[in-house]
Amino acid sequence: MGLFDSVLGAVSSQLQEQVPSGNLTQVLGNLLANNGELGGLQGMMEKFNQAGLGNVLNSWIGTGSNLPISGDQLTSALGPDTLGKLATQVGLNGSQLSDQLAQMLPGLVDKLTPNGTAPEAGLGNTGDLLGMLG
């Protein structure tokens, strides 16, 4: 099992204990996969830049310390409609999901970009990510 598999498995296990129902792996796939809700890591970068939070996401990708993000900031970056749609998949409201994701996304993105740069081809498609999480 590679580092990528280990990181995604650990995050999935941790959050599934906190999420009452639904499919957390689908939420992560929709956020990070190239063919997901946001267009993968590149799409997420665009959203963060538009919200004035590009430096936060860049800190997660880079090799230095990860800047924190609040649930409200994450909602601002990703949009309440996107988070609301994803939240329904796991039986939470948008605020609850954004708070959970705000805790885990910095570390997850950091581990998925170990060289301090975002992969040019992105992180793969939903099927690839879901396979690794499953």
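What counts and what doesn't
Every chain is numbered independently, its residues counted from 1 as its sequence is written. Predicted model: local features are reported for residues with pLDDT of at least 70 only, side-chain atom pairs are reported and counted for 80 or more only, and whole-chain, interface and lining totals are derived from all residues. Derived side-chain values reflect all non-hydrogen atoms in the structure, with water molecules and hydrogen atoms excluded from consideration. Put simply, DSSP marks the helices as runs of H or I at least four residues long and the strands as runs of E at least two long, and each gets a number from the N terminus on. For every residue, the accessible area (1.4 Å probe, protein chains only) is compared with the maximum for its type, and the residue is labelled buried under 20%, exposed over 50%, or partly exposed between those bounds. By definition, residues are in contact when any of their heavy atoms lie within 4.5 Å. Every accessible area reported is derived by Shrake-Rupley at a probe size of 1.4 Å, with residue values counting cover from the shown protein chains alone. Buried Ala, Val, Leu, Ile, Met, Phe, Trp, Tyr and Cys residues that are joined via side-chain atoms within 4.5 Å together make up what is termed a nonpolar core. What the arc describes is the spread of directions from the helix axis to the C-beta atoms. Note on geometry: axes are C-alpha line fits, over the in-contact stretch for helices, and angles between N-to-C directions span 0 to 180 degrees. Any angle that is under 35 degrees is reported as roughly parallel, and any over 145 degrees as roughly antiparallel; angles of 65 to 115 degrees are reported as roughly perpendicular and all others as oblique. Under the scheme applied here, ten amino acids are nonpolar (Ala, Val, Leu, Ile, Met, Phe, Trp, Tyr, Cys and Pro), four are charged (Asp, Glu, Lys and Arg), and all others, including Gly, are polar. Ring pairs are drawn from Phe, Tyr and Trp, using the six-membered ring of Trp, whenever the two centres fall within 6.5 Å, and their geometry is named by plane angle: stacked under 30 degrees, edge-to-face over 60, tilted for the rest.

Q: If you had to explain the overall build of the protein to someone new, which residues and values would you point to?
A: Helix and strand counts for the protein stand at 8 helices and 0 strands. Starting at the N terminus and ending at the C terminus, the protein contains elements arranged as α-α-α-α-α-α-α-α. Counting across all 134 residues of the protein, residues that qualify as buried make up 46%. Within the protein, contacts between residues separated by at least 24 positions form 67% of all contacts whose residues are at least 6 apart in sequence. Carbon and sulfur atoms provide 47% of the accessible area of the protein, an area that totals close to 6300 Å².

Q: Would you mind going over the nonpolar core in detail, with residue names and values included?
A: Core analysis: the biggest nonpolar cluster contains 31 residues, and L31, F48, L97, L101 and L105 have the highest contact counts within it. Per-element accounting of this core gives the leading share, 8 residues, to helix α7 (residues 94–112).

Q: Can you explain helix α5 (residues 71–78)? Please cite residues and give values.
A: Buried within α5 we find G71, L74, A77 and L78. In a view along the axis of α5, the buried residues occupy a sector of 120 degrees, so they form one face of it. Exposed residues pointing more than 90 degrees away from the buried face of α5 are listed as D72 and S76. Within two residues after α5, G79 carries a phi angle of roughly 95 degrees, on the positive side.

Q: Describe the packing of helix α6 (residues 80–90) against α7, and please don't skip the residues or the numbers.
A: Packing of α6 against α7 brings their axes to within 8 Å, and their N-to-C directions diverge by 90 degrees. With respect to their mutual orientation, α6 and α7 come out roughly perpendicular. Two secondary-structure elements touch here, α6 through L83, G84, L86, A87 and V90 and α7 through G94, L97, S98 and L101. Here the contact of α6 with α7 is built from residues that sort into 6 nonpolar, 3 polar and no charged.

Q: So what's going on with the environment of G29? Which residues, and what values?
A: Looking at where G29 falls in the secondary structure, it is placed in helix α2 (residues 24–32). In this structure, the C-alpha to C-alpha distance between G29 and G40, residues 11 residues apart in sequence, is 8.4 Å.

Q: Give me the packing of aromatic side chains: which residues, what numbers.
A: Scanning the entire structure with this criterion turns up 1 aromatic pair. Here F48 and W60 contribute two aromatic rings whose centre-to-centre distance is 5.6 Å and whose plane-to-plane angle is 70 degrees, an arrangement assigned as edge-to-face. With F48 in helix α3 (residues 40–50) and W60 in helix α4 (residues 54–61), this residue pair connects regions lying 12 residues apart in the sequence. Both residues of the pair, F48 and W60, belong to the buried class.

Q: Quick rundown of the packing of α5 against α6? Include the residues and the values.
A: Interhelical geometry of α5 versus α6 gives an angle of 105 degrees and a closest axis separation of 6 Å. Classed by the angle they form, the pair α5 and α6 counts as roughly perpendicular. Side by side, α5 and α6 meet where L74, T75 and L78 of the first sit next to P80, T82 and L83 of the second. Here the residues of the contact of α5 with α6 sort into 4 nonpolar, 2 polar and no charged.

Q: Break down the side chain of T82 for me, with residues and values.
A: Mapped onto the elements of the fold, T82 is located in helix α6. Taking relative accessible area as the criterion, T82 reaches 12% and is therefore assigned buried. Sequence-distant contacts of T82, defined by excluding residues within four places in its chain, comprise E37 and L38.

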